[in-house]
Amino acid sequence: MVGTQRQHDTVVVIAGGPGTRLPTLEIPVGAPVVAADSGVDRALALGLRIDVAVGDFDSVNPAGLEAAKVAGARIEQYPPEKDATDLELALDVAAGLTRRRIIVLGSDSGRLDHLLSTLLLLGSERFAPYELDATLGPATVHVIHGERRLVGEVGELISLFALGGPASRVTTDGLRFPLRGETLEPGSSRGISNVFAAPTARIDLEGGVLLALRTGTPTDDERSTS
């Protein structure tokens, strides 16, 4: 069981929801795992040992939850009438366990309001101290406060979205369409459909927060509509 006072470099959060796609982000060996509700079932399907299970558990398989408990997971159960999603509760637990990085594994299917809530939650200011990455179905999301260096494949799509306010003085290197000290506004499509021009891209900004969404290598149809 994870001790609440012990800090780790990386903590993995397994979100609930529909979808069975395996994660594309590498899970560090030995990283604590926090499962949100039916994320317990996803974690067990991935062969992961769960350290903390959190949520109201309205969608988890009871047998899976019991198996996690027997294996030593700490269970934090909340009433259904709560003021936060299961994922938000799990992220709060993860933030108390790590000093550096949080990885989220989840789904891009299901209710649109849940997906939008997830993206907004990832960019929340209270998680700014952490390097935060997520796999949501086939997409990878990186949260950028300040500077990030991202490794990808040449030709891979990447889109940049300002969240919660302007992202100021955004500068990029290693992307086909560079930004040079520009401001990206929420609701603007200025940062969509950029492409890795090198195996490593650097993105930095002086203020605000960016979500970098990676959806793979574009098809000819996708290129023609971007």
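See above for the structure.
Residues numbered from 1 in each chain as written. Predicted model: local features only at pLDDT ≥ 70, side-chain atom pairs only at ≥ 80, totals over all residues. Heavy atoms only, no water.

Things to note about the pairing of strand β9 (residues 157-162)
At step 1: A large share of β9 lies buried, amounting to five of its six residues.
At step 2: Taken together, the two bridges between β9 and strand β12 (residues 194-195) define a ladder with antiparallel strand orientation. Looking across to β12, one finds that I158 is bridged to N194. (Buried < 20%, exposed > 50% of the residue type's maximum accessible area, 1.4 Å probe, protein only. Helix = DSSP H or I, 4+ residues; strand = E, 2+ residues; numbered from the N terminus. Pairing = 2+ DSSP bridges.)

Topic: the layout of surface pockets
At step 1: Counted as a void, the largest pocket has a volume near 550 Å³.
At step 2: Only α3 (86-95), β5 (98-106) and α4 (112-122) provide two or more residues apiece to the lining of the largest pocket.
At step 3: For the lining of the largest pocket, the leading source of residues is α4, giving five residues.
At step 4: Here the lining of the largest pocket is composed, by residue class, of eight nonpolar, 12 polar and seven charged. (1 Å grid on protein atoms, 1.4 Å probe; cavity = no way out; pocket = protein on both sides within 12 Å on 5 of 7 lines; lining within 4 Å. Points joined across faces, edges and corners; volume = space filled by probe spheres on them. Nonpolar A, V, L, I, M, F, W, Y, C, P; charged D, E, K, R; others polar.)

Points about the pattern of salt bridges
At step 1: Within this structure, the stated rule accounts for 20 salt bridges.
At step 2: Its salt-bridge partner being E131, residue R148 comes within 3.9 Å of it at the nearest N-O pair. Highlighted residues: R148 in strand β8 (residues 147-151) and E131 in strand β6 (residues 131-136), separated in sequence by 17 residues.
At step 3: With a relative accessible area of 10%, R148 lands in the buried category.
At step 4: Residues E182 and R190 are paired through a salt bridge, measuring 3.1 Å at the closest nitrogen-oxygen approach.
At step 5: Given a relative accessible area of 25%, E182 falls into the partly exposed group.
At step 6: Relative accessible area serves as the criterion here: at 42%, R190 is assigned to the partly exposed category.
At step 7: A single salt-bridge network, built from bridges that share partners, covers R100, R101, E131, D133 and R148. (Salt bridge = Lys/Arg side-chain N within 4 Å of Asp/Glu carboxyl O.)

Some thoughts on the sheet that holds strand β11 (residues 180-184)
At step 1: One open sheet holds the four strands; their spatial order is β8-β13-β10-β11, and the pairing between them is antiparallel. In this open sheet, the two edge strands, each paired with only one partner strand, are β8 and β11. Pairs of neighbouring strands in the sheet enclose a mean axial angle of 25°, with direction left out of account.
At step 2: As paired strands, strand β10 (residues 167-173) and strand β13 (residues 200-204) are joined by three bridges and run antiparallel to one another. Considered in β13, the bridge of D173 is made with R202. (Axes fitted to C-alpha atoms, helices over the stretch in contact; angles between N-to-C directions.)

Quick look at the nonpolar core
At step 1: Counting 31 residues, the largest nonpolar core has V13, V34, L91, I102 and V104 as its most contacted members.
At step 2: Broken down by secondary-structure element, the contributors of at least two residues to this core are β1 (8-14), β2 (33-36), β3 (52-55), α3, β5, α4, β6 and β7 (139-144).
At step 3: Broken down by element, the residue count for this core peaks at seven residues, all from α3.
At step 4: Not counting chain neighbours up to four residues away, the residues in contact with L91 comprise V13, I102, V104, L121 and F127.
At step 5: Core analysis: the next-biggest nonpolar cluster, separate from the first, contains 17 residues, V12, A31, A35 and L48 among them. (Core = buried A, V, L, I, M, F, W, Y, C linked by side-chain atoms within 4.5 Å. Contact = heavy atoms within 4.5 Å.)

Quick word on the environment of I144
At step 1: Among the secondary structure elements, I144 is positioned in strand β7.
At step 2: The spacing of I144 and D204 is 60 residues in sequence and 7.7 Å in space, taken between C-alpha atoms.
At step 3: Each residue touching I144, except ones within four places of it in the same chain, is listed here: I203, L205, G208, V209, L210 and A212.

Points about helix α2 (residues 62-70)
At step 1: When α2 is considered as a whole, its buried residues turn out to be G64, L65 and A68. Down the axis of α2, the smallest arc covering the buried residues is 100°, so these residues share one side. Turned more than 90 degrees off the buried face of α2, the exposed positions are P62, A63, K69 and V70.
At step 2: Looking at the buried positions of α2, the neighbouring elements they touch are α1 (39-45), β3 and β4 (74-77).
At step 3: With a side-chain oxygen positioned 2.8 Å from the backbone nitrogen of A63, the residue opening α2 is N61.
At step 4: The first or second residue beyond α2 is G72, which carries a positive phi of 110°. (Arc of directions from axis to C-beta. Polar contact = N/O pair within 3.5 Å; in protein donor to acceptor, adjacent residues only side chain to side chain.)

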